[in-house]
Amino acid sequence: MTLQTSDPAAEAVLLKAYARGDAKAAQALALRYTPLVYAHACRMLNDRAEAEDVAQDAMLRLWKQAPHWDADGGASVRTWLYRVTANLCIDRLRKGRPDGLSPDFDMADGAPTAEAHLQDQARQSALEEALMQLPDRQRQAVVLRHIDGLGNTEIAQIMDIGPRAVESLTARGKRALTDLLQGQRQTLGYTDDTVQTS
Amino acid sequence: MTQSRPPEDTALDADLAAMRDAPPGVSEALMAKVMADAMSEMPKAVRAPLWRQILTTLGGWPAMAGLAATACVGIWAGGVLSDDVLLPAPATESAALDIGEGLGAFDLLLVEG
């Protein structure tokens with residue numbers, strides 16, 4: 001898995017340009033970061049509407065922060081955004097626990113639904129349900145590490161913990177997912193990665 | 001010796017990778033809202049004070065230093081140099097204008113018609 005790396009200096013230049021009134025910088029920032037925060041919120045909340053609200057809120061905080069951003073501080077805009085997004089998601093989760101998978105939510109929306117892809121869709125749905133059953137911090141660590149593709153150092157900064165704590169969270173999260181999916185695989189009738197029909 | 005990973009770990013990694021490779025798409029509505037927020041929160045371009053605009057137009061601090069030096073020389077010249085140097089000699093009947101020699105063909109140009 002290729003880890004995603006950010007360039008704090010380049011990010012700061014773009015944000016500084018926005019703070020000086022550069023509309024093109026605003027567009028570049030929006031195109032670059034909105035998908036990241038939206039995808040992370042989707043995976044944390046499993047609710048598209050909620051994820052859109054969180055993504056808009058996170059980006060709004062970035063716009064407000066832009067004039068005060070310390071371009072020489074070395075901080076990463078991406079790391080900061082992930083942290084804000086995660087905190088917003090956890091706040092929403094604490095206010096009202098979602099009742100499992102939203103019936104209107106389909107993270108594979110837009111993906112092919114031909115019969116040939118039903119198995120993949122079923123596995124993805126099972127994984128989404130299993131993720132929502134993890135404790136919030138474990139889910140956050142697993143999503144950041146194995147889906148968003150961030151390194152342990154950056155995840156540690158986002159979650160405000162040490163790198164070893166990140167490793168522990170991701171390991172526990174993956175073990176929990178494995179156990180949950182093992183049960184789901186039996187329910188779905190998987191053997192040798194095929195769906196049993198009877 | 002390389003330990004083989006349990007098949008369920010391999011399958012989970014594959015599922016996680018599939019989720020990573022198929023991120024949920026951002027709707028046009030969300031992107032429009034984000035851009036609208038960006039434009040409304042964008043700091044307005046700050047206008048420089050008038051003195052700074054003039055300074056920039058003149059060429060910055062080096063140019064201002066030259067102007068100041070010139071002004072100082074001018075003030076000094078006005079205060080130090082004698083009137084004999086600065087003021088023209090009063091006109092008299094016997095006064096003759098010595099235009100010097102060696103002006104060649106230009107001497108006639110100096111004679112009032």
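Preceding this section is the structure that the text describes.
Described in the following lines is the structure provided in the data block.

Parameters at a glance
Residues numbered from 1 in each chain as written. Chains lettered and ligands numbered in written order. Predicted model: local features only at pLDDT ≥ 70, side-chain atom pairs only at ≥ 80, totals over all residues. Heavy atoms only, no water. Helix = DSSP H or I, 4+ residues; strand = E, 2+ residues; numbered from the N terminus. Buried < 20%, exposed > 50% of the residue type's maximum accessible area, 1.4 Å probe, protein only. Areas by Shrake-Rupley, 256 points an atom, 1.4 Å probe, with all protein chains shown as cover. Axes fitted to C-alpha atoms, helices over the stretch in contact; angles between N-to-C directions. Parallel < 35°, antiparallel > 145°, perpendicular 65-115°, else oblique. Contact = heavy atoms within 4.5 Å. Nonpolar A, V, L, I, M, F, W, Y, C, P; charged D, E, K, R; others polar. Phe/Tyr/Trp six-rings, centres within 6.5 Å; stacked < 30°, edge-to-face > 60°. Buried area = accessible area lost by both parts, 1.4 Å probe. Salt bridge = Lys/Arg side-chain N within 4 Å of Asp/Glu carboxyl O. Polar contact = N/O pair within 3.5 Å; in protein donor to acceptor, adjacent residues only side chain to side chain.

Considering the overall build of chain B
And then number 1: When helices and strands are counted, chain B shows 5 helices and 0 strands.
And then number 2: The N-to-C order of helical and strand elements in chain B reads α-α-α-α-α.
And then number 3: Classification of the 113 residues of chain B by burial places 13% in the buried group.
And then number 4: Summing over all exposed atoms, chain B offers an accessible surface of approximately 9100 Å²; the carbon and sulfur share of this is 64%.

As for the packing of helix α5 (residues 118-133) of chain A against helix α1 (residues 7-21) of chain B
And then number 1: Running from amino to carboxyl end, α5(A) crosses α1(B) at an angle of 95°, the nearest separation of the two axes being 10 Å. Overall, the two elements α5(A) and α1(B) adopt an arrangement that is roughly perpendicular. Where α5(A) abuts α1(B), its residues A:Arg123, A:Gln124, A:Leu127, A:Glu128 and A:Leu131 lie against B:Ala11, B:Leu12, B:Asp15, B:Leu16, B:Ala18 and B:Met19.
And then number 2: Its residues placed into classes, the contact of α5(A) with α1(B) shows 7 nonpolar, 1 polar and 3 charged.

Re the packing of aromatic side chains
Where two aromatic rings form a pair, the distance of their centres and the angle of their planes describe that pair.
Residue and element names in this part refer to chain A.
And then number 1: Under the definition given, this model contains 2 aromatic pairs over all chains.
And then number 2: On the numbers, 4.9 Å between centres and 40° between planes, the contact of Tyr-18 with Trp-63 is tilted. In this pair, Tyr-18 sits in helix α1 (residues 8-19) while Trp-63 sits in helix α3 (residues 48-65), placing the two residues 45 residues apart along the sequence.
And then number 3: Aromatic side chains Trp-69 and Trp-80 sit 6.0 Å apart centroid to centroid with 90° between the ring planes, which places their arrangement in the edge-to-face category. Of this pair, Trp-69 sits in the loop between α3 and α4 (77-95) while Trp-80 sits in helix α4, and the two are 11 residues apart along the sequence.
And then number 4: Under the relative-accessibility criterion, Trp-69 is labelled buried at 14%.

Overview of the interface of chain B and chain A
And then number 1: Taken together, the contacts link 29 residues of chain B with 41 residues of chain A.
And then number 2: Here chain B packs against chain A, burying approximately 3000 Å² in sum over the two surfaces, 66% of which is carbon and sulfur.
And then number 3: Of all residues in chain B, B:Met19, B:Arg20 and B:Pro24 give up the largest surface area on contact with chain A, accounting jointly for 22% of the area buried on that side.
And then number 4: Our count for the chain B to chain A interface comes out at 3 salt bridges.
And then number 5: Applying the counting rule to chain B against chain A returns 11 residue pairs in polar contact (both at pLDDT 80 or more).
And then number 6: Put simply, the parts of the chain that give the side of chain B that touches chain A at least two residues each are α1 and α2 (28-41) of chain B.
And then number 7: With 10 residues, the top contributor of residues to the side of chain B that touches chain A is α1(B).
And then number 8: Looking at the side of chain B that touches chain A, its residues break down into 18 nonpolar, 2 polar and 9 charged.

Some details on the environment of A:Tyr38
And then number 1: Position of A:Tyr38 relative to the elements: it lies in helix α2 (residues 23-45).
And then number 2: Judged by its relative accessible area of 0%, A:Tyr38 is buried.
And then number 3: For the pair A:Tyr38 and A:Glu52, spaced 14 residues apart in the sequence, the C-alpha separation amounts to 6.3 Å.
And then number 4: If sequence neighbours within four positions are ignored, A:Tyr38 has contacts with A:Arg48, A:Ala51, A:Glu52, A:Ala55, B:Pro24, B:Gly25, B:Val26 and B:Leu30.

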